[in-house]
Amino acid sequence: MSTIAYRLPQERLLRTALPGPASEALAARRKSAVAAGVVSSLPVYVADADGGVIVDVDGNSLIDLGSGIAVTSVGASHPAVAAAVADQASRFTHTCFMVGPYEGYIQVAEELAALTPGSHDKRTALFNSGAEAVENAIKVARAATGKSGVVAFDHAYHGRTSLTMALTAKSMPYKATFGPFAPEVYRMPMSYPYRDETRLTGEVAAQRVIAQMEAQIGAEALAAIIIEPIQGEGGFIVPAPGFLPTLADWARRNRVVFIADEVQTGFARTGAWFASEDEGVVPDLITMAKGIAGGLPLAALTGRADLLDAVHPGGLGGTYGGNPVACAAALATLQAMRFHDLPARAREIEAAVLPQLRALAAETTIIGDVRGRGAMLAIEIVRPGTAVPDRERTKAIVAEALARGVALLTCGTYGNVVRLLPPLVIPPELLADGIAVLTDTIRAYSH
Ligand code: PMP
C-alpha cells in the first residue's frame, strides 16, 4: 500500500468526558430544531475527520471504526477527493444530467462497467442514495421482464423509502407506523449459519428458498431476487458458501433478475471490489452507494445492458442523480482506492483483526459468533453460554468503548452485533489501539 498522508494526528485523545460541553450545547439546540425521528449513534458533534479519526467540537480525537456506515473508506477528507470536489465546484455544481449532460457522469458509468463483476455489456444510471438505486433496480427488473414479484430476505436492509421499506425486514425502527407497504414483495429465509438450526449448507438453504419461491410465487410472476451478498444492517450475516451461486443460477434459468445490493459491501470493503466476487457470482444488476464517492452523496445501478436499456426513454432519472461534484468525487475516490490498493488493505485488516476476535471468542462466553470478510467484521453478543441475543450488553460495550475514545456501530435484527467498518486507510497502529480497547471492553463485560 502506498503511504497515505494524514492531515490530522492519527491518535486517540480525550480532552473531556464524552460528550463534552460543546457537544452538549449542540445537543440542546438540536432538540428544538431537528426532528426527533432522526437519531445519531454518537453523542458527540463532529468538527473534523481524516484517515482513521473523528475530532469532535470539544477537541476529542476518536478512533473511527464505523466510517459513517461504510462510506468514508478513503477517509473523510482524502486530499485527492477534496481537491476534485473543490475543482468541480469552482466550474459548475449542477446542470442536471437530464438537462445539460457532462463527461463526469459518463466516466463514472465507464468505471463501474469495468469494475463490477462480469465482462458483459453493461449500462449504468446514477442516483443520490442507496435506497434510490434499489428502487430503480426494481423498476428496471419489472420493466425488462414484464413481471412484478420481488423476493427479499429475512434480515435484509434495502432502505427507508416506500418500496425499500417493503424490502427491508426489520420493523422497529425502519417500518413501524409507516405502512402500508408496497405489494408484491415476498420474504424468504436467509442463510444465517450461526442461527440456522441445523447449520444448513448454502446449497440446502438455497434449495429451501427455491422450493418456497416456486410454491408461493412461481418464476413466471417473479421479476427479481434482491440480496445483500453479506447482509449489513441485518447483522453482517455471511451466507453459507453455495447459497448465493445456487440462487443466482436458479434466477438465470428462470428469467428472474438477480440483483446484488452492494451498497454496504461494495468498493473494496470486503477485500474485493465487490462481495459477489468471492464466489464468482455475476449479478444481473448491482446497486452501489456509500463507499463510491468518498462521502459525497452518489449511488449507482449498473447491470446488463439489455435490462437497463429495456426502460423507455425518460423512465429513469432525477434532478440530482449523478451530480457533477459527486461524480468528480467518485472518480477521485476510485483512483485513490486503486492507488492505495484498498482491496488489499481490507484483506490486511481482516488478517490483523479476525484472529484476535476469534481468540477472544474462545475465552469468553458472551460472543456467540465472529464473522465477516475484509474490513466488514462483526461480533455477535449473546447471554453467557447461550445463543440468546444480548442487546443491552452490546449497547453497554459500545458505550464503554466510546467513553474510551473508540467509535463503534451496532447492527443486527436483534441489535446485538458489534460491527467493525474502519476506514480502509486507517493507520494499522491506530486500528490496533481501537481493537485493543474493544477487546478489553468485551473482556470486562464478560461476566
Ligand atoms: N442497501 C444496503 C445494503 C444498505 O446498507 C443501505 C444503507 N445502510 C441501503 C441500501 C440504503 O442506502 P441509503 O441510506 O444511502 O439510502
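Residues numbered from 1 in each chain as written. Predicted model: local features only at pLDDT ≥ 70, side-chain atom pairs only at ≥ 80, totals over all residues. Heavy atoms only, no water.

Chemist: Explain the site of the ligand to me, using residue names and the numbers behind them.
Modeler: The environment of the ligand is made up of Ser129, Gly130, Ala131, Tyr157, His158, Glu228, Glu233, Asp261, Val263, Gln264 and Lys290. A distance of 2.8 Å is found between an oxygen atom of the ligand and a backbone nitrogen or oxygen belonging to Ala131. Note that an oxygen atom of the ligand is positioned 2.8 Å from one of the side-chain N or O atoms of Gln264. The fraction of the free accessible surface of the ligand (390 Å²) that becomes covered by protein chains is 83%. Here the residues of the shell around the ligand sort into three nonpolar, four polar and four charged. (Near = heavy atom within 4 Å. Polar contact = N/O pair within 3.5 Å; in protein donor to acceptor, adjacent residues only side chain to side chain. Areas by Shrake-Rupley, 256 points an atom, 1.4 Å probe, with all protein chains shown as cover. Nonpolar A, V, L, I, M, F, W, Y, C, P; charged D, E, K, R; others polar.)

Chemist: I'd love a proper account of the domain arrangement of the protein chain, names of residues and values included.
Modeler: Domain annotation for the protein chain reports domain 1 (21–64 + 341–444) and domain 2 (81–339). Inter-centroid distance (C-alpha atoms) of domain 1 to domain 2 is 25 Å. Each side of the interface is counted separately: domain 1 has 33 residues, and domain 2 has 28 residues. Note on domain 1 versus domain 2: buried area summed over both sides is about 2400 Å², and carbon and sulfur give 54% of it. By the criterion of area lost to domain 2, the three top residues of domain 1 are Arg373, Met376 and Thr413, representing 32% of everything that side buries. Summed over the shared surface of domain 1 and domain 2, the number is three salt bridges. For the salt bridge of Glu233 with Arg419, the shortest nitrogen-to-oxygen distance reads 2.8 Å. Of all the secondary structure elements, the ones that give two or more residues to the side of domain 1 that touches domain 2 are α11 (342–363), β11 (367–373), β12 (376–381) and β15 (417–420). (Domains from an automatic or database assignment. Contact = heavy atoms within 4.5 Å. Buried area = accessible area lost by both parts, 1.4 Å probe. Salt bridge = Lys/Arg side-chain N within 4 Å of Asp/Glu carboxyl O. Helix = DSSP H or I, 4+ residues; strand = E, 2+ residues; numbered from the N terminus.)

Chemist: Which residues make up the environment of Val209, and what are the values?
Modeler: The topology assignment puts Val209 in helix α7 (residues 202–216). Residue classification places Val209 among the buried residues on the basis of a relative accessible area of 0%. Taking the C-alpha atoms as reference, Val209 lies 9.4 Å from Ser191; in sequence the two are 18 residues apart. (Buried < 20%, exposed > 50% of the residue type's maximum accessible area, 1.4 Å probe, protein only.)

Chemist: Which residues make up the packing of α11 against helix α13 (residues 428–444), and what values do they have?
Modeler: Where α11 meets α13, the closest approach of the two axes is 11 Å, and the angle between their N-to-C directions is 20°. Considering the angle they form, α11 stands roughly parallel to α13. Here α11 and α13 pass one another in a crossing that is right-handed. Where α11 abuts α13, its residues Arg345, Ile349, Val353, Gln356, Leu357, Leu360 and Glu363 lie against Pro428, Leu431, Ile435, Thr439, Ile442 and Arg443. Among the residues making up the contact of α11 with α13, the classes are represented as eight nonpolar, two polar and three charged. (Axes fitted to C-alpha atoms, helices over the stretch in contact; angles between N-to-C directions. Parallel < 35°, antiparallel > 145°, perpendicular 65-115°, else oblique. Left-handed = near helix turned anticlockwise from the far one by under 90°.)

Chemist: Mind laying out helix α12 (residues 391–403), listing which residues take part and the relevant values?
Modeler: With 13 residues, α12 ought to run about 18 Å at 1.5 Å a step, and its terminal C-alpha atoms sit 18 Å apart, in line with that. When we look at burial in α12, the residues that qualify are Arg393, Thr394, Ile397, Val398, Ala401 and Leu402. Close packing links the buried residues of α12 with β3 (61–64), β12, β13 (406–407), β14 (409–411), β15 and α13. Positive phi appears at Gly405, one or two residues downstream of α12, with a value of about 100°. (Expected span 1.5 Å × (residues − 1).)

Chemist: Help me get a handle on the pattern of salt bridges, residues and values and all.
Modeler: Think of it this way: side chains of opposite charge can pair up when their charged atoms draw near. Under the defined criterion, the tally for this structure stands at 20 salt bridges. Its salt-bridge partner being Asp390, residue Arg393 comes within 2.9 Å of it at the nearest N-O pair. Asp390 matches Arg393 in its accessibility class, with the two residues each being buried. One network of salt bridges, in which partners are shared, links Arg195, Asp369, Arg371 and Glu380.

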